[in-house]
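Here's the letter readout for the chains.
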Amino acid sequence: MAWPIAEVARMSGVTARTLRHYDEIGLLPPARTGSNGHRYYGEYELLRLQQILVLRALGLGLPEIGRVLAAQVDEVEALRDHHRRLLAERDRLDALAGTVSRTITELEQSRKDGSPMTSINRPENLFEGIRPSQYGENLRDFPGLAEAVARHTATMSQDEIEAGHRARTAQMIRFAELLAAGLPADAAPVQAEADAQYRALVELRTVGAEEYRAIGRACVENAQWRAAYEAIAPGLAAYQRDVIEVYATTRLS
């Protein structure tokens, strides 16, 4: 049985335009193309699309997904591997949800009776499940930058790496505070924070305007990056993207 592209789009939630793009880059060719030019997909292609969507949900870019699919031999074993990764991501999100829930409870209690926040007394509690290290771990669409991050990390102790994780999360929280205060992306305090963020980035490698814009878009488009931002404040991923767009336009172009 074969399904036309419109039906596959309806079933999967993937637009026909995206499916055509997957065909054009060789990631998901259709089973056949009709004389009228319409694409048709069989069971094999639907299973492959499922794998693509799972890997996208795990934060992989299209080039990396292509390499993963090309390397797999046994479909069942590949699905088992995807399942293991999904379970690991579920556990991370469960820990993240627990962290945010505890912080909300403590904030509410602190505002009610003035009691100190336990998580502030032990700041590491604020960051359980939040791994901004994913910023480096998921730079697969930015291989040059990923290589620079890997080289830099290799020179650091575990304590220094953990300190870097917390520093990046603290910066995300500062952006969340600016967002909550209603400051637009082009406001001076916001762009001052963006400047500090960009300067920390270029200590690793030169990053031009277009690449920096792409990194900004990844804050929304990369599922794991977006989850990390949204766990801190709803709308923070899009806010970070917009902040970077303004910075790239006004400072780098």
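Bear in mind that the values here come from a model prediction, so they are computed numbers and not experimental data.

So, on to the overall build of the protein. Helix and strand counts for the protein stand at 13 helices and 3 strands. Taking the intrachain contacts of the protein between residues at least 6 apart in sequence as the baseline, contacts between residues at least 24 apart amount to 62%. Accessible surface, the protein as shown: approximately 14,000 Å² in total, 54% of it carbon and sulfur.

Let us look at helix α4 (residues 62–71). Three or more residues of α4 are buried, namely Leu62, Ile65 and Leu69. For α4, the angular spread of the buried residues around the axis is 55°, confining them to a single face. Exposed residues lying more than 90 degrees from the buried face of α4 are Ala70 and Ala71. Contacts made by the buried residues of α4 are with α2 (16–24) and α3 (43–57).

Time to look at the confidence of the model for the protein. Mean pLDDT over the protein works out to 80, with 81% of the residues at or above the 70 mark. Note on residues 117–137: pLDDT is under 50 here. Beyond four places in sequence and across chains, it has 46 contacts.

This part covers the packing of aromatic side chains. Taken as a whole and assessed by the stated rule, the structure comprises 3 aromatic pairs. Seen from their ring centres, Tyr212 and Tyr247 are 6.1 Å apart, and the 80° between their planes marks the pair as edge-to-face. Placement of the pair is Tyr212 in helix α11 (residues 209–221) and Tyr247 in helix α13 (residues 236–252), with a sequence separation of 35 residues. Taking NZ or CZ as reference, Arg32 lies 4.3 Å from the ring centre of Tyr40, over its face.

Summed over all chains, the structure comprises 10 salt bridges. A salt bridge links Glu64 to Arg67, with the nearest nitrogen and oxygen atoms 2.9 Å apart. Here Glu64 and its partner Arg67 are both found in helix α4, 3 residues apart, which amounts to about one turn of the helix. Classification of Arg67 by relative accessible area gives partly exposed; the value is 49%. A salt bridge links Glu211 to Arg205, with the shortest nitrogen-to-oxygen separation between them at 3.0 Å. Looking at Arg205, the relative accessible area reads 29%, which means it is partly exposed.

To continue, consider the nonpolar core. Counting 30 residues, the largest nonpolar core has Phe175, Tyr212 and Ile215 as the members making the most contacts within it. For this core, the elements supplying multiple residues, two or more each, are α9 (158–180), α10 (188–202), α11, α12 (223–232) and α13. Counting 19 residues, the second-largest nonpolar core is a separate cluster that includes Tyr22, Leu49, Ile52 and Ile65.

What helix α1 (residues 5–12) keeps buried is the set Ile5, Val8 and Ala9. Projection of α1 onto a plane perpendicular to its axis shows the buried side chains occupying an angular sector of 100°, all on one side. Of the exposed residues in α1, the ones pointing more than 90 degrees away from its buried face are Ala6 and Arg10. On the buried face of α1, the contacting elements are β1 (3–4), α2, β3 (39–41) and α3.

Another point: the side chain of Glu45. Residue placement: Glu45 occurs in helix α3. It turns out Glu45 is buried and unbridged, and the closest side chain with the opposite charge, Arg48, is 7.8 Å from it. From its side chain, Glu45 meets the backbone nitrogen of Gly42 in a polar contact 2.8 Å long. Not counting residues within four places of it along the chain, the set of residues in contact with Glu45 comprises Leu28, Pro29, Pro30 and Ala31.

A few words on the environment of Gln50. Relative to the assigned elements, Gln50 resides in helix α3. A relative accessible area of 40% means that Gln50 is categorised as partly exposed. Residues Gln50 and Leu79 lie 29 residues apart in sequence; the distance between their C-alpha atoms is 9.7 Å.

What follows is about the packing of α11 against α13. Relative to each other, α11 and α13 sit at 170°, their axes nearing to 7 Å. As judged from the angle between their axes, α11 and α13 are roughly antiparallel. Contacts between α11 and α13 pair Ala209, Tyr212, Arg213, Gly216, Arg217, Cys219 and Val220 from the former with Ala237, Ala238, Gln240, Arg241, Ile244, Glu245, Tyr247, Ala248, Thr249 and Leu252 from the latter.

Thresholds, definitions, all that
Residues numbered from 1 in each chain as written. Predicted model: local features only at pLDDT ≥ 70, side-chain atom pairs only at ≥ 80, totals over all residues. Heavy atoms only, no water. Helix = DSSP H or I, 4+ residues; strand = E, 2+ residues; numbered from the N terminus. Contact = heavy atoms within 4.5 Å. Areas by Shrake-Rupley, 256 points an atom, 1.4 Å probe, with all protein chains shown as cover. Buried < 20%, exposed > 50% of the residue type's maximum accessible area, 1.4 Å probe, protein only. Arc of directions from axis to C-beta. pLDDT = per-residue confidence, 0-100. Phe/Tyr/Trp six-rings, centres within 6.5 Å; stacked < 30°, edge-to-face > 60°. Lys NZ or Arg CZ within 6 Å of the ring centre and 35° of its normal. Salt bridge = Lys/Arg side-chain N within 4 Å of Asp/Glu carboxyl O. Core = buried A, V, L, I, M, F, W, Y, C linked by side-chain atoms within 4.5 Å. Lys, Arg positive; Asp, Glu negative; His and termini not counted. Polar contact = N/O pair within 3.5 Å; in protein donor to acceptor, adjacent residues only side chain to side chain. Axes fitted to C-alpha atoms, helices over the stretch in contact; angles between N-to-C directions. Parallel < 35°, antiparallel > 145°, perpendicular 65-115°, else oblique.

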